Amino acid sequence: DAKTTQPNSMESNEEEPVHLPCNHSTISGTDYIHWYRQLPSQGPEYVIHGLTSNVNNRMASLAIAEDRKSSTLILHRATLRDAAVYYCILRYSGTASKLTFGTGTRLQVTL
Amino acid sequence: DAGVTQSPTHLIKTRGQQVTLRCSPKSGHDTVSWYQQALGQGPQFIFQYYEEEERQRGNFPDRFSGHQFPNYSSELNVNALLLGDSALYLCASSLEGFRANTEAFFGQGTRLTVV
């Protein structure tokens with residue numbers, strides 16, 4: 001599986017936008033970029049995914065670099081409920097059965 | 001619509017014992033994956049069941065086995081428990097073998113403590 005690199009932790013103030021970066025320099029042309037998050041004492045939760053183009057949904061936006069070697073998850077207005085560990089995961093379309101989690105980015109949101 | 005349900009939520013077992021964890025997938029989902037999450041770590045893939053067969057397996061010993069029933073629910077069995085098996089066990093459901101452009105839904109997990 002191609003590797004991703006994320007900062008261990010980030011902090012944000014409530015109601016401000018948050019940009020969570022992910023580097024994946026060895027990404028292949030058929031790898032999808034997925035983001036999951038895990039709130040305290042809960043199972044992971046799907047956030048968003050994309051292949052080449054930027055994506056938006058009700059939870060977040062995903063900005064993908066033109067060379068696809070990095071991506072950024074954008075939370076437009078962080079709330080206390082967004083405090084979680086965020087995982088950036090590459091999924092190869094050829095053998096897509098599993099999710100390979102790294103250590104993720106722990107996001108702290110303060111008032 | 002009930003999401004992914006796991007039982008029990010917590011479990012304490014003694015070293016050497018055997019344990020069975022259960023998972024009911026989200027309605028309409030036919031694929032179940034199991035993950036182990038040690039404290040402070042990301043989840044690690046154990047195996048996946050689709051069409052009642054184990055389709056893919058992670059780097060876990062044969063002490064870890066599973067089963068999928070015709071109604072798509074699944075069990076994870078761990079034999080000869082070790083202290084290191086203490087972890088949160090997560091079940092995830094998805095569709096059709098979990099294609100790369102689809103999402104998985106996770107349960108709340110079963111917290112297993114081996115003493």
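The structure reproduced in this document is the subject of the present report. (Residues numbered from 1 in each chain as written. Chains lettered and ligands numbered in written order. Predicted model: local features only at pLDDT ≥ 70, side-chain atom pairs only at ≥ 80, totals over all residues. Heavy atoms only, no water.)

1. Concerning the pattern of salt bridges
Alright, step 1. Inspection of every chain in the model, using the stated rule, returns eight salt bridges over all chains.
Alright, step 2. Between R55(B) and E51(B) there is a salt bridge; the shortest N-O distance is 2.7 Å.
Alright, step 3. Exposure remark for R55(B): the relative accessible area of 39% places this residue in the partly exposed category.
Alright, step 4. One network of salt bridges, in which partners are shared, links R37(A), E45(A) and D82(A). (Salt bridge = Lys/Arg side-chain N within 4 Å of Asp/Glu carboxyl O. Buried < 20%, exposed > 50% of the residue type's maximum accessible area, 1.4 Å probe, protein only.)

2. Concerning the pairing of strand β8 (residues 84-92) of chain A
If a strand is regular, its side chains alternate between the two faces of the sheet.
Residue and element names in this part refer to chain A.
Alright, step 1. In terms of burial, β8 is largely enclosed, as eight of its nine residues are buried.
Alright, step 2. One ladder, built from eight bridges, connects strand β3 (residues 31-38) with β8; its direction is antiparallel. Bridge pairing in β8 links W35 to C88.
Alright, step 3. In this sheet, strand β9 (residues 105-110) lies alongside β8 in antiparallel orientation, the contact comprising three bridges. In the sheet register, V85 faces β9, and the bridge partner there is R106. (Helix = DSSP H or I, 4+ residues; strand = E, 2+ residues; numbered from the N terminus. Pairing = 2+ DSSP bridges.)

3. Focus on the environment of P17(A)
Residues and elements named next belong to chain A.
Alright, step 1. Among the secondary structure elements, P17 is positioned in the loop between β1 (9-13) and β2 (18-23).
Alright, step 2. Placed 57 residues apart in sequence, P17 and I74 show a C-alpha to C-alpha distance of 7.0 Å.
Alright, step 3. If near-sequence neighbours (up to four positions away) are discounted, P17 is found in contact with S12, L75 and H76. (Contact = heavy atoms within 4.5 Å.)

4. As for the sheet that holds β8(A)
Residues and elements named next belong to chain A.
Alright, step 1. Taken in spatial order, the five strands make up an open sheet running β1-β9-β8-β3-β4, and their pairing is mixed. Edge positions in the open sheet fall to β1 and β4 (45-50), since each of these has one partner strand only. Ignoring strand direction, the axes of neighbouring strands in this sheet form an average angle of 25 degrees.
Alright, step 2. Relative to β4, β3 is paired through five bridges, and the arrangement is antiparallel. Directly across from W35, in β4, lies its bridge partner I48. (Axes fitted to C-alpha atoms, helices over the stretch in contact; angles between N-to-C directions.)

5. What to know about the state of the cysteines
One way to say it: the disulfide is the covalent bond shared by the sulfur atoms of two cysteines.
Alright, step 1. This model, assessed by the stated rule, comprises two disulfides over all chains.
Alright, step 2. Across the disulfide from C22(A) sits C88(A); the S-S distance is 2.1 Å. Between C22(A) and C88(A) the sulfur-sulfur dihedral comes to about -85 degrees; the bridge is accordingly left-handed. Placement of C22(A) in strand β2 and of C88(A) in strand β8 is noted, with a sequence separation of 66 residues between them. Pair check on accessibility: C22(A) and C88(A) agree, each one buried.
Alright, step 3. The partner cysteine of C23(B) in its disulfide is C91(B), sulfur to sulfur 1.8 Å. Where C23(B) bonds to C91(B) through sulfur, the torsion about that S-S bond is close to -60 degrees, and the disulfide is left-handed. Pair noted here: C23(B) is in strand β3 (residues 19-24) and C91(B) is in strand β9 (residues 87-94), with a separation of 68 residues, a long-range link. (Disulfide = S-S within 2.5 Å.)

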